[in-house]
Amino acid sequence: MHDDFASASPAVFRLIEAHTPRAHTALFFLDQYGYSDVPAPLIQKIFAESPKSEVVLTFHVAAFATYTNDEFTDKVSSKLAVDIRSALGGRTIEQIKEEDSADWRRFIQAALYQALVKDCGAEYFTPFFIRGEGSGQGEYWLVHLSRHPRAQDVMKQVHWEHQNHSIHYGGAGLDMLATHMMGFRQEFEGGFVFDDVAQSLSADVLPQHLAENIFGRGQPVQIGELYASTCNTSPGTSLMYKDALERLSGEKDIVIRSEDGAVRRLARYMRDTDWIERNRQGALFRTPQRGGQ
């Protein structure tokens, strides 16, 4: 088909229905690269027509933050049908540049991402950047959207496996979507690049953050639910979660039991239906602030 996606989408949906009449499943690569070719309601329609489908959306976010102004922001909001203005807290671009002079690009990108994800109707997503060769102006989002945590997990496995220009500027634990971490800084040469250093950092930080989450619940939680409820804010895969849980179990901070009551200690035997609870008889939980106390 030689047409823009919005015009071709009804025919595309018919083809998907004919090809997979029961599941209506497809993988959509919406390689727009620019700003306004694929409005959010169209992505909502994809998930309504084929809930098991996945969407990979590119967005040239570095250029957006660099060249944006109020008129341009409103134009993009209208074209994409997303509420960027609300995500910006009602402030003008000039106000943001003046009040957040050091990291205004990062704030704008965080707000844009918040609006985009909220209005696309996907429960699960990834916020990772692709950094091209040379100038940071070539950097863009490779946003993965789905309605299932398993699909999100597989996408993150791809980033870890290939390590080809994927990067994000957030933490290794459960806080990578914090506003102060989301955006790209032109002078920033570091970042979380899914390499051995990032793997080691995740192994150190993820157990701590998962322990805080588990203890804060006050009641047992299944492994699958723990992942599904936190995976959008972490670069960790489900296997990395289980490795972290194995460590917490070994340190006697938690107990993991299968549905029939058997205790699980090793990651390779853990299942999404296993239950996690705080070990009341185990080691005292230590936060990073307490150090070795």
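As the structure is a computational prediction, the values presented were derived from the model and not from experiment.

A. Quick peek at the packing of aromatic side chains. Within the structure shown, the criterion is met by 5 aromatic pairs. A centroid spacing of 6.0 Å and a plane angle of 75 degrees characterise the contact between Phe 5 and Phe 28, whose relative ring orientation is edge-to-face. Taken together, the positions of Phe 5 in helix H1 (residues 5-19) and Phe 28 in strand S1 (residues 27-30) put the pair 23 residues apart, joining distant regions of the chain. Owing to a relative accessible area of 6%, Phe 28 belongs among the buried residues under this scheme. Put simply, the rings of Phe 5, Phe 13 and Phe 28 touch in pairs and so form one group of aromatic residues. Above the face of the Phe 215 ring, Arg 278 is positioned so that its terminal group lies 4.1 Å from the ring centre.

B. Molecular detail of helix H8 (residues 149-162). The end-to-end C-alpha distance of H8 is 20 Å, a good match for the 20 Å that 14 residues give at a rise of 1.5 Å each. Of all the residues in H8, the buried ones are Ala 151, Gln 152, Asp 153, Met 155, Lys 156, His 159 and Trp 160. Count one or two residues on from H8 and you reach Gln 163, which has phi positive near 50 degrees.

C. Quick peek at the pattern of salt bridges. Scanning the model with the defined rule gives 11 salt bridges in all. For Glu 123, the salt bridge identified is with Arg 147, shortest N-O distance 3.2 Å. Of the two residues, Glu 123 is situated in the loop between helix H7 (104-120) and strand S3 (124-126) and Arg 147 in the loop between strand S5 (140-146) and H8; the sequence distance between them amounts to 24 residues. As a salt-bridge pair, Asp 272 and Lys 242 come within 3.9 Å of each other at their nearest N and O atoms. Of this pair, Asp 272 sits in the loop between strand S9 (263-264) and strand S10 (275-278) while Lys 242 sits in helix H12 (residues 238-250), placing them 30 residues apart in sequence. Shared partners join several salt bridges into a network, and the residues in it are Asp 70, Asp 74 and Arg 85.

D. Seen up close, the sheet that holds strand S7 (residues 221-222). Reading across from one edge, S7-S10-S8-S9 is the order of the 4 strands in this open sheet, with antiparallel pairing throughout. Pairing within the sheet leaves two strands with one partner each, and these edge strands are S7 and S9. Across 2 bridges, the pairing between strand S8 (residues 254-257) and S9 is antiparallel. Among the inter-strand pairings, Arg 257 is bridged to a residue of S9, identified as Val 263. Sitting on the sheet, H12 is in contact with S8, S9 and S10, with an inclination near 120 degrees to S8.

E. Summary view of the nonpolar core. Grouped together as the largest cluster of nonpolar side chains are 41 residues, with contacts concentrated most on Ile 43, Val 55 and Leu 145. Looking at this core element by element, the count peaks at 9 residues for H7. One finds Tyr 124, Ala 172, Ala 244 and Ile 254 within the second-largest nonpolar core, a separate group that totals 29 residues.

F. Structural view of the environment of Ile 214. Here Ile 214 shows up in helix H10 (residues 196-217). The class of Ile 214 is buried, set by a relative accessible area of 3%. Distance from Ile 214 to Glu 277, taken between C-alpha atoms, is 7.2 Å for residues 63 residues apart in sequence. Every residue in contact with Ile 214, bar those within four places of it in the chain, is listed here: Leu 226, Leu 245, Ile 254 and Ile 276.

Cut-offs applied
- Residues numbered from 1 in each chain as written.
- Predicted model: local features only at pLDDT ≥ 70, side-chain atom pairs only at ≥ 80, totals over all residues.
- Heavy atoms only, no water.
- Phe/Tyr/Trp six-rings, centres within 6.5 Å; stacked < 30°, edge-to-face > 60°.
- Helix = DSSP H or I, 4+ residues; strand = E, 2+ residues; numbered from the N terminus.
- Buried < 20%, exposed > 50% of the residue type's maximum accessible area, 1.4 Å probe, protein only.
- Lys NZ or Arg CZ within 6 Å of the ring centre and 35° of its normal.
- Expected span 1.5 Å × (residues − 1).
- Salt bridge = Lys/Arg side-chain N within 4 Å of Asp/Glu carboxyl O.
- Pairing = 2+ DSSP bridges.
- Contact = heavy atoms within 4.5 Å.
- Axes fitted to C-alpha atoms, helices over the stretch in contact; angles between N-to-C directions.
- Core = buried A, V, L, I, M, F, W, Y, C linked by side-chain atoms within 4.5 Å.

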